[in-house]
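So you can see what is in the structure, the chains are spelled out below.
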Amino acid sequence: MEKTIADLRKDYTLQGLSETEVDPNPVIQFKQWFDQALAAQLTEPNAMTIATATPDGKPSARMVLLKDFDERGFVFFTNYNSHKGQELAKNPQAYLVFWWAELERQVRISGLVEKVSATESDTYFHSRPVNSQLGAWASNQSEVIETREALEQKLHELQLKYQNQEIPRPPHWGGLRVIPTEIEFWQGRSSRLHDRLLYTRLNDGSWKIQRLSP
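Residues numbered from 1 in each chain as written. Predicted model: local features only at pLDDT ≥ 70, side-chain atom pairs only at ≥ 80, totals over all residues. Heavy atoms only, no water.

### A word on the overall build of the protein
In step 1: Each helix and strand in the protein was counted, giving five helices and nine strands.
In step 2: The linear arrangement of helices and strands in the protein, starting from the amino end, is α-β-β-β-β-α-β-β-α-α-α-β-β-β.
In step 3: Looking at the protein as a whole, 40% of its 214 residues qualify as buried.
In step 4: One way to put it: in the protein the 25 positive side-chain charges average out to a point 2 Å from where the 28 negative ones average out. (Helix = DSSP H or I, 4+ residues; strand = E, 2+ residues; numbered from the N terminus. Buried < 20%, exposed > 50% of the residue type's maximum accessible area, 1.4 Å probe, protein only. Lys, Arg positive; Asp, Glu negative; His and termini not counted. Charge placed at Lys NZ, Arg CZ, Asp CG, Glu CD.)

### A look at the packing of aromatic side chains
In step 1: One pass over the full model with this rule turns up 17 aromatic pairs.
In step 2: Relative to Phe34, the ring of Phe30 has its centre 5.9 Å away and its plane inclined at 20°; by these criteria the two rings are stacked. Highlighted residues: Phe30 and Phe34, both in helix α1 (residues 26–39), separated by four residues, approximately one helical turn. An identical accessibility class is assigned to Phe30 and Phe34; each is buried.
In step 3: When the ring of Phe34 is compared with that of Phe69, the centres are 5.9 Å apart and the planes differ by 70°; the resulting orientation is edge-to-face. Residue Phe34 is located in helix α1, and its partner Phe69 is located in strand β3 (residues 68–70); the two are separated by 35 residues in the primary sequence.
In step 4: Residue classification places Phe34 among the buried positions, given a relative accessible area of 11%. (Phe/Tyr/Trp six-rings, centres within 6.5 Å; stacked < 30°, edge-to-face > 60°.)

### Points about the pattern of salt bridges
A side chain with one charge can pair with a side chain of the opposite charge if their charged atoms come near.
In step 1: For the structure on display, the rule yields 14 salt bridges.
In step 2: In this structure, Arg177 engages Glu120 in a salt bridge whose closest nitrogen and oxygen atoms are separated by 2.7 Å. Placement of Arg177 in strand β7 (residues 173–187) and of Glu120 in helix α3 (residues 118–125) is noted, with a sequence separation of 57 residues between them.
In step 3: On the basis of relative accessible area, Glu120 is assigned to the partly exposed category, the value being 23%.
In step 4: Within this structure, Asp70, Arg72, Glu114, Glu120 and Arg177 form a network of salt bridges that share partners. (Salt bridge = Lys/Arg side-chain N within 4 Å of Asp/Glu carboxyl O.)

### Examining the nonpolar core
In step 1: One finds Phe30, Trp100 and Val107 to be the most contacted residues of the largest nonpolar core, which totals 32 residues.
In step 2: Every element with two or more residues in this core is listed here: α1, β1 (47–53), β4 (73–79), β5 (93–100), β6 (105–115), β7 and β8 (195–201).
In step 3: When residues of this core are assigned to their parent elements, the largest contribution, five residues, is made by α1.
In step 4: Filtering out sequence-adjacent residues up to four positions away, Trp100 remains in contact with Phe30, Trp33, Phe34, Ala37, Leu42, Pro45, Arg105 and Val107. (Core = buried A, V, L, I, M, F, W, Y, C linked by side-chain atoms within 4.5 Å. Contact = heavy atoms within 4.5 Å.)

### Re the UniProt feature "domain: Pyridoxamine 5'-phosphate oxidase N-terminal" (unreviewed entry) in the protein
In step 1: UniProt records the feature "domain: Pyridoxamine 5'-phosphate oxidase N-terminal" (unreviewed entry) for residues 35–160 in the present numbering.
In step 2: For residues 35–160, the end-to-end C-alpha separation is 40 Å, with 34% helix and 34% strand making up the annotated structure. (UniProt positions renumbered as here; feature names shortened; annotations may be inferred.)

### Re the side chain of Lys84
In step 1: As for its position among the elements, Lys84 is in helix α2 (residues 83–90).
In step 2: Buried charge without a partner: Lys84 forms no salt bridge, and the closest opposite charge is Glu87, 9.1 Å away.
In step 3: Excluding anything up to four places from it in sequence, Lys84 contacts Thr52, Arg62, Val64, Phe76, Thr78 and Gln141.

### As for the UniProt feature "binding site: substrate" (unreviewed entry) in the protein
In step 1: Using the residue numbers shown here, the UniProt feature "binding site: substrate" (unreviewed entry) corresponds to Arg9, Lys10, Asp11, Tyr12, Lys67, Tyr124, Arg128, Ser132, Arg192, Leu193 and His194. These annotated residues cover 186 residues of sequence, and their C-alpha atoms reach 43.4 Å apart at the extremes, leaving them scattered rather than at a single site. Lining residues of the largest pocket drawn from the annotated list: Lys67, Tyr124, Arg128 and Ser132.
In step 2: Following the sequence through the fold, Ser132 ends up in helix α4 (residues 130–138).
In step 3: With relative accessibility at 28%, the residue Ser132 sits in the partly exposed group.
In step 4: Within the secondary structure, Arg192 sits in the loop between β7 and β8.
In step 5: A relative accessible area of 40% means that Arg192 is categorised as partly exposed. (1 Å grid on protein atoms, 1.4 Å probe; cavity = no way out; pocket = protein on both sides within 12 Å on 5 of 7 lines; lining within 4 Å.)

What follows is the structure in C-alpha cells.
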C-alpha cells in the first residue's frame, strides 16, 4: 500500500544528550557539534534557517550560510536592502535553526542582531570568488526583475567594468551578527522522547542550563 505523508516517521537512536556531558558554555558546545558535523562530511553543515519578523509580527524565514561564530555571536552576510535586511533593521531580533539530519541533531539560537564592522565585511567580501563579489553588485536582492537574461547581462557588464581591478564592497552588502540570548541543543531519541537542553544567558553573562520536555 502506498505510504502517505502521515506514515513517514523515523525513530532516532544514535545517542543521547546529558547535562553532565555538555560544556557549560554553549558556544563551545556548538563548536563541538559543528566540528562533528564537519567530520561527518555533511553537505553544507553551516546552512541554517534564519527567521525574522516585521515590527507588526509578520514572520518570514529562509536559508543562509553561517560564515563565522565566536563568543560575540553567529555571523552571516547579506544584502542589507533584502527583505530580511529590512526586517532586521526595523526589528533586530532573529532565530537561527541548524538541522543535521544524519546526526539526528538540531540547534536553535535566538538573539539580537547587529551589523558587523566594516572591516569584517570587507575582509569576507574580498575572500569570495570574483563572480560572487560582482553578484553582490548585480543583484538587487528580493526585488522583482523582468528576466534572467537582464540579470546575466548586468553581471557581464560588471565583469568588463572591473576586469583586472579590485572590486569594492557594495555599501548595501555586509555581515550581520546574531548575539545569542538562548541556545537550545536537541538530540533525537527513541519514542519521540528527545533530549533538549536550553542555555539561557543571565545578566552577568553566564549561562543557565535547563532540560526541556520533548
